[in-house]
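One-letter residues, chain by chain:
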Amino acid sequence: MARSMALVGFVQAQNCSNYAASWRHPEAAHDFLTLPYYQRIARTLEAGKFQLMFFDDRLAMPDIFEGSHAESVRNGVRVVKLDPLVVLATLAADTTRLGLGATMSTSYYPPFHVARSFATLDHLSNGRAGWNVVTSLNDSEAFNMGATGSIAHDTRYDRSDEYMEVVLGHWNAWQADALTLDRDSGEFADPAKVSRLDHVGEYFRSRGPHTVPRTPQDHPLIIQAGQSGRGREFALRWAELIFAIFPNLDFAKRVYGEIEAQALASDRDPESYRVAPLIYPIVAESQAEAEDKAALIESLAKPIDGLALLSEALNFDFGSKGLDEPFSDDELDAISGLRSIRDRVIKLSGKANPTVAEFVKFSARGTIKEAPNFIGSPTQVADGLEQWFTEKACDGFVVGASHVPGAYVDFVELVVPELQRRGLFHKDYPSSTLRGNLGFSGYRAP
Ligand SMILES: Cc1cc2nc3c(=O)[nH]c(=O)nc-3n(C[C@H](O)[C@H](O)[C@H](O)COP(=O)(O)O)c2cc1C
């Protein structure tokens, strides 16, 4: 069979999907503090043969707007955030083939801790664990985690390079055949096959030996979503699954080509990673019905959603300026969060110094227009996805939900069968491991 499209469910252990207004949808489930909420999503994604259910994370609620959490709490703007790894561990027991990915930050957890958590999940899920490596981006996270402020953008990635060496070092500590469990001789494991890392570097110290034996996938899958030059360099060095935001097909084709060229230039085989951009599909039996659904979904967003989420992402209080007040050069330079949003707004607005209102409009933060929408009948949505996949704009998609679980139920019932009929997406899981289901034959040592 030809290579299968990669499908990733973009799930949040919070009160809404990535679309903050989703909790206001008339069909949105509100039992997000209970296990059944997550089980329903996982079972739906597994029925649809998605390779991965992936939880994003941030270590703070959006509370930079007007220097307070009040408006975010009042409006439910991504304020509840459960611990995604705990949720995933429970889902390991409830699923058998679905990959289970979660985000953990290199800025606030020691590498030994992350190595141990994901190795544990890889064992308990029988080889289905993935780690989304993020560097964290705003001061609220720093304040929650005991730091005085977020780390400068490129330094975050410099530290993370060393962090990855430590994590991978720990994952490699136990050779595959180290465990002997020989009751007769009394030997549990061969000490010659368990090594100590003894890492002392510029940013981290970690001794070892790691306490988790080698995992079913050898190493949990590495996921990364850097969009900046430095972020992409990091992703190409370490990641197997690269998440992206591609606003349209032409942009996607260009950047996909750039990633490929960059991979080849750095001796990275383009077959050893997959690129998957975020999308919001809205599908119904007919185009008219899908458009009605989309109109309802779009009407749920409030201006506060965008302002709170822009403040969070850019680490700048958007409430400190009037709506029509332009950003100064100094303010733009000082933005330390997601600079890709700042740069996109400058480009799309054609203004070197956009106003607050222009940031809201051109970033589309807090709306489903932040990522491409595929709205229509099952055939129309499949046509769009097929075009992106076959015209080398991506290797698959991170499927965002306009509301849960409904958006995934619709996608799995209506779009997945159409993709399978066209031979674009596998009809069953070819492997028992996440890496195998993405079409990789084994772990690629960096
Ligand atoms: C699909 C997707 C999921 C992401 N998930 C998270 C997340 O869970 N937590 C987080 O702090 N950042 C997340 N990010 C942000 C990226 O890690 C990265 O910081 C961002 O894309 C900007 O790139 P840069 O760090 O190279 O500037 C995500 C990005 C994308 C495209």
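Keep in mind the model is a prediction, meaning the values are calculated, not measured. By convention here, each chain's residues receive numbers from 1 onward along its written sequence. A pLDDT threshold of at least 70 governs which residues receive local features in this predicted model, and a stricter bar of 80 or more applies before side-chain atom pairs are shown or counted, although totals over entire chains, interfaces and linings include all residues.

### Remarks on helix H9 (residues 287-299)
Rules: Elements are defined by DSSP. Helices are runs of H or I of four residues or more, strands are runs of E of two residues or more, and each kind is numbered from the N terminus. In this scheme, a helix's expected span is set at 1.5 Å multiplied by one less than its residue total. Exposed residues have 12 or fewer other C-beta atoms within 10 Å of their own C-beta, buried residues have 20 or more, and partly exposed residues fall in between, where C-beta atoms are placed from the backbone. The directions from the helix axis to the C-beta atoms form the arc being described.
The first and last C-alpha atoms of H9 sit 18 Å apart over 13 residues, in line with the 18 Å expected at 1.5 Å per residue. Among all positions of H9, only Ala290, Lys293 and Ile297 are buried. Down the axis, H9 shows its buried residues gathered within 60 degrees of arc, on one side only. Turned more than 90 degrees off the buried face of H9, the exposed positions are Ala288, Ala295 and Ser299.

### Some remarks on the environment of Arg435
Definition in use: By the criterion used throughout, residues are in contact when their C-beta atoms, derived from the backbone, lie within 7 Å.
Structurally, Arg435 is set in helix H16 (residues 434-437). Classification of Arg435 by C-beta neighbours within 10 Å gives buried; the count is 27. Separated by 374 residues in the primary sequence, Arg435 and Met61 have C-alpha atoms spaced 32 Å apart. Other than its neighbours up to four places away in sequence, Arg435 contacts Gln217, Leu221, Phe440 and Tyr443.

### Brief notes about the site of the ligand
To keep things clear, this is the line we draw: Near, for a residue, is defined by distance from a backbone-placed C-beta atom to a molecule or strand, with 6 Å as the limit that must not be exceeded. Gly counts as polar in this scheme, as do all residues outside two lists: the nonpolar Ala, Val, Leu, Ile, Met, Phe, Trp, Tyr, Cys and Pro, and the charged Asp, Glu, Lys and Arg. Domain segmentation is taken from an automatic or database assignment of domains.
Taken together, 21 residues lie around the ligand, and Asp56, Ala225, Gly226, Ser228 and Gly231 are the ones closest in. Of all the secondary structure elements, the ones that give two or more residues to the shell around the ligand are strand S4 (129-134), strand S10 (241-244) and helix H12 (339-349). For the shell around the ligand, the residue count by class is nine nonpolar, eight polar and four charged. Each of domain 1 (6-299 + 368-437) and domain 2 (302-365) gives at least three residues to the shell around the ligand.

### Observations regarding the pairing of S10
The criterion, for reference: Strands are labelled as partners when DSSP assigns at least two bridges between them. Looking down the strands as they point away from the viewer, one classifies a crossover as right-handed if the path from the first strand across the helix to the second runs clockwise.
Of the two faces of S10, the one carrying Leu241 and Phe243 and the one carrying Ile242 and Ala244 are both buried. Relative to S10, strand S9 (residues 221-224) runs parallel, the two being bridged by two bridges. Each residue of the ladder has a partner; that of Ile223, found in S10, is Leu241. As for the winding sense of the linkage, the β-α-β connection from S9 through helix H7 (residues 229-238) to S10 is right-handed. Here four bridges tie S10 to strand S11 (residues 274-283), and the two strands are oriented parallel to one another. Bridge pairing in S11 places Leu241 opposite Arg274.

Function cannot be inferred from these measures alone, as they are strictly geometric.
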